[in-house]
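Here is how the chains run, residue by residue.
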Amino acid sequence: VCLLAAIAYYLLELALLRLEPAGSSRLRTALGGDAKGRLSPVAYAIAIAAAFALPWVSLAVHAGVAMVWLVPDRRIERSLRG
């Protein structure tokens, strides 16, 4: 479920970025590289693979990704204010 939610977030981000002109996109500027959005599906895929051999690694990866997403991302808010 977490993997599919991460993929859905990434696809939503791509769809929103395609709606704006490439040169003057404030959203694209605000998001930058978006490491959290790109690495989350990869981390969840690793967690799924690790669950068969080392379940504690899978739990640790899931907890780590959850902790990363608990930190509020203020990039979009700062971009709209400035």
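For the structure itself, consult the block above.
Residues numbered from 1 in each chain as written. Predicted model: local features only at pLDDT ≥ 70, side-chain atom pairs only at ≥ 80, totals over all residues. Heavy atoms only, no water.

A few words on the layout of surface pockets. A volume near 170 Å³ is recorded for the largest pocket. As for the largest pocket, its lining consists of Y9, L12, E13, L16, L27, L31, W69, D73, R75, I76 and E77. Counting only elements with at least two residues in the lining of the largest pocket, the list comes to α1 (2-19), α2 (26-31) and α5 (75-81). If you tally residues by element for the lining of the largest pocket, the top one is α1, at four residues. (1 Å grid on protein atoms, 1.4 Å probe; cavity = no way out; pocket = protein on both sides within 12 Å on 5 of 7 lines; lining within 4 Å. Points joined across faces, edges and corners; volume = space filled by probe spheres on them. Helix = DSSP H or I, 4+ residues; strand = E, 2+ residues; numbered from the N terminus.)

So, about the environment of D34. As for its position among the elements, D34 is in the loop between α2 and α3 (35-53). Through-space distance from the C-alpha of D34 to that of L54 is 29 Å; in sequence the pair is 20 residues apart.

This paragraph deals with the packing of aromatic side chains. The full count for this structure, using the stated rule, is one aromatic pair. For the pair Y9 and W69, a centre-to-centre distance of 5.3 Å together with 75 degrees between the ring planes defines the contact as edge-to-face. Residue Y9 is located in helix α1, and its partner W69 is located in helix α4 (residues 55-70); the two are separated by 60 residues in the primary sequence. Taking the relative accessible area as the measure of exposure, Y9 reaches 32% and is therefore partly exposed. For W69, a relative accessible area of 34% puts it in the partly exposed group. Above the plane of the ring of W69 lies K36, whose end atom (NZ or CZ) is 4.6 Å from the centre. (Phe/Tyr/Trp six-rings, centres within 6.5 Å; stacked < 30°, edge-to-face > 60°. Buried < 20%, exposed > 50% of the residue type's maximum accessible area, 1.4 Å probe, protein only. Lys NZ or Arg CZ within 6 Å of the ring centre and 35° of its normal.)

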